[in-house]
Amino acid sequence: MKHHFLTLMAAAVVFAAGCQSKSQTAAAGSDAKDSISIATAETAADPENGQAVQVDVSKIKVADAKSILARKQVPILCYHQVRNWKPTDGKVGKDYIVEIQNFKDQVKMLADSGYHSILPDQLYAYLNTGAPLPSKPIMFTFDDTDMDQFTIAAPTLKKYGFKAVYFIMTVTIGKKGKFVDYMTSDQIKQLSDAGNVIGSHTYDHKNFKKYQGKDWEEQLDKPTKKLEEITGKKMTEFAYPFGLWNAEGIPELKKRGFRMAFSLADKRDQNDPLFTVRRIIASGYWSPRTLHNSIVKSF
């Protein structure tokens, strides 16, 4: 492949693991167009009984950073691969691979513990206006377009009434790799049509902090257009490759119509918290109990 994607992703795993382990520990408990439809309303939930209430996101005015930062953070999990470990998987790589039964046990634990999944519109309304969320809200996110997210993760979440956000890297759509296969355009659309949210994750995972010149077109504009063509919906959420961001690039996201951008465990930016929303990587080494403890500690 032109960009030697598998080599790039191997390096990405090593790099991101270092960033995650350091920043997650430090941040725990801290701040821590014709055919494209634009969502104007999304269901939130009554905090007492989880019943759906309407949220008209088209009328929401963005709050000041201080007000957003003052609201309690919602736990957001970041998954990558959901498959059983192989002898060829390295120690670092296993951090990003949650074995199938462990993933199912994690999701069951969260359901049994009373968590309710939310989607970006609900989070956006809550952060800007204080709109009600269900009791024990949580957001599931998946990066990098891996096929097992469609074949294993999505059905498991559906079993418990959970929905998720899938951040798609467009270079791999429909590809079959040496170590992993990737979702097709049809599968991405199926996830979207089922009520999950599709978000942008660049073309080929290039470090956002290094963008200049034509990178904005290659990594943002073209992938966004492709995903909008696949889903028929406007892309409003973005996830930074490796979780790395810089303040200089945030205006580029804003002028392209993105409303929120998701990093990893680093602290939120004091000026643009909506574009530095925190997530934690759900480690392949974590049991359901460890995952629960990490959620409580980190958020």
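The paragraphs below set out a description of the structure included in this document. (Residues numbered from 1 in each chain as written. Predicted model: local features only at pLDDT ≥ 70, side-chain atom pairs only at ≥ 80, totals over all residues. Heavy atoms only, no water.)

For the rest of this paragraph, the subject is the overall build of the protein. Helix and strand content of the protein: nine helices and twelve strands. For the protein, buried positions account for 55% of its 299 residues. A total of about 13500 Å² of accessible surface is found on the protein, and carbon and sulfur atoms cover 53% of it. (Helix = DSSP H or I, 4+ residues; strand = E, 2+ residues; numbered from the N terminus. Buried < 20%, exposed > 50% of the residue type's maximum accessible area, 1.4 Å probe, protein only. Areas by Shrake-Rupley, 256 points an atom, 1.4 Å probe, with all protein chains shown as cover.)

Direction vectors running N to C along helix α3 (residues 100-112) and helix α5 (residues 147-159) enclose 25°, while the axes themselves pass 10 Å from each other. Relative to α5, the element α3 is oriented roughly parallel. Two packed elements cross with a definite hand, and for α3 against α5 that hand is right-handed. When α3 is examined against α5, the residues I100, F103, K104 and V107 are found in contact with a partner set consisting of I152, A153, T156 and L157. Partitioned by chemical class, the residues of the contact of α3 with α5 number six nonpolar, one polar and one charged. (Axes fitted to C-alpha atoms, helices over the stretch in contact; angles between N-to-C directions. Parallel < 35°, antiparallel > 145°, perpendicular 65-115°, else oblique. Left-handed = near helix turned anticlockwise from the far one by under 90°. Contact = heavy atoms within 4.5 Å. Nonpolar A, V, L, I, M, F, W, Y, C, P; charged D, E, K, R; others polar.)

This part is about the side chain of D89. The residue D89 is located in the loop between β4 (81-82) and β5 (97-98) in this model. For D89, a relative accessible area of 15% translates into the label buried. A polar side-chain atom of D89 sits 3.0 Å from a polar atom in the side chain of R83. (Polar contact = N/O pair within 3.5 Å; in protein donor to acceptor, adjacent residues only side chain to side chain.)

Overall, the coordinates contain 14 salt bridges when judged by the stated rule. K189 is the partner of D193 in a salt bridge, and the nearest nitrogen-oxygen pair spans 3.3 Å. In this pair, D193 and K189 are both assigned in helix α6 (residues 185-193), four residues apart and thus about one turn of the helix distant. For the salt bridge of K254 with D272, the shortest nitrogen-to-oxygen distance reads 2.6 Å. (Salt bridge = Lys/Arg side-chain N within 4 Å of Asp/Glu carboxyl O.)

On to the packing of α5 against α6, then. Where α5 meets α6, the closest approach of the two axes is 10 Å, and the angle between their N-to-C directions is 40°. Viewed along their axes, α5 and α6 adopt a mutual orientation that is oblique. For the pair α5 and α6, the crossing hand works out as left-handed. Taking contact as the criterion, the partners of M147, F150 and A154 in α5 are, on α6, Q187, Q190 and L191.

Along the chain, T276 turns up in the loop between β11 (260-262) and β12 (280-281). When near neighbours in sequence (up to four residues on either side) are disregarded, T276 contacts W245, I250, A261, S263, R268 and D269.

Keep in mind that these numbers describe shape and distance, not what the molecule does.
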